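# Coordinate inspection notes
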Amino acid sequence: MAFIPHTLNEGGHPPFEYLPAKAGAVELGMALEFTGGKVVKISAGTTVPKYFSLVTKTCADGEIIPVQKLETGVDYETTSAATLSEGDVGKKVALNTDGLQVTSNTTDGVAQIVSVDGKKIVVRF
């Protein structure tokens, strides 16, 4: 899975933009950071993403792709690379290195767990 908008807590829709990407593969809903004037998959699970990819493709360096800007009033649905339970609600967890899901690691966590329903995890940043 990936990071997909789940709940819009403050109304409206998260804005999207077209930005240049670094060379490499991106997937729909992948967490991205902006570095060196280009978007790229997050480099660490403790990095708050700035954007999420709106396309799945292998990008040439500088290729313009559609991205959705991270919004604080939006909860995002994803999955977890580790087992999480209702007891984890409220904890802040790190993102997985694939940029597509969360982990159970709470050290320097950036995504707060809103709900856990089996494999479906809802988080906010």
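A brief report on the enclosed structure follows.

### Points about the overall build of the protein
Counting its regular elements, the protein contains zero helices and 12 strands. When the elements of the protein are put in sequence order from the N terminus, they spell out β-β-β-β-β-β-β-β-β-β-β-β. In terms of overall size, the protein behaves like a compact globule, its C-alpha atoms giving a radius of gyration of 14 Å where 125 residues would be expected to give roughly 14 Å. Taking the principal axes of the C-alpha coordinates as reference, the protein spans close to 45 × 30 × 20 Å. Taking all 125 residues of the protein together, 42% fall into the buried category. Charged side chains in the protein number 11 positive and 14 negative. The centres of these two groups are separated by 3 Å.

### Things to note about the pairing of strand β12 (residues 120–124)
Across three bridges, strand β9 (residues 74–78) lies against β12 in antiparallel orientation. Bridge assignment links Thr78 to a residue of β12, and that residue is Ile121. Direction of pairing for strand β11 (residues 111–117) relative to β12: antiparallel, over a ladder of five bridges. Counted as the bridge partner of Val116 is Ile121 from β12. Following β11, the chain reverses through two residues before pairing antiparallel with β12; Gly118 in that reversal takes a positive phi of roughly 65°.

### Brief notes about the pattern of salt bridges
According to the stated counting rule, one finds four salt bridges in the structure shown. The closest approach of N and O atoms between Glu63 and Lys57, which form a salt bridge, is 2.3 Å. For Glu63, a relative accessible area of 23% translates into the label partly exposed. Between Lys91 and Asp88 there is a salt bridge, and its shortest N-O distance comes to 3.0 Å.

Definitions and limits used
- Residues numbered from 1 in each chain as written.
- Predicted model: local features only at pLDDT ≥ 70, side-chain atom pairs only at ≥ 80, totals over all residues.
- Heavy atoms only, no water.
- Helix = DSSP H or I, 4+ residues; strand = E, 2+ residues; numbered from the N terminus.
- Rg over C-alpha atoms; globule rule 2.2 N^0.38 Å.
- Buried < 20%, exposed > 50% of the residue type's maximum accessible area, 1.4 Å probe, protein only.
- Lys, Arg positive; Asp, Glu negative; His and termini not counted.
- Charge placed at Lys NZ, Arg CZ, Asp CG, Glu CD.
- Pairing = 2+ DSSP bridges.
- Salt bridge = Lys/Arg side-chain N within 4 Å of Asp/Glu carboxyl O.

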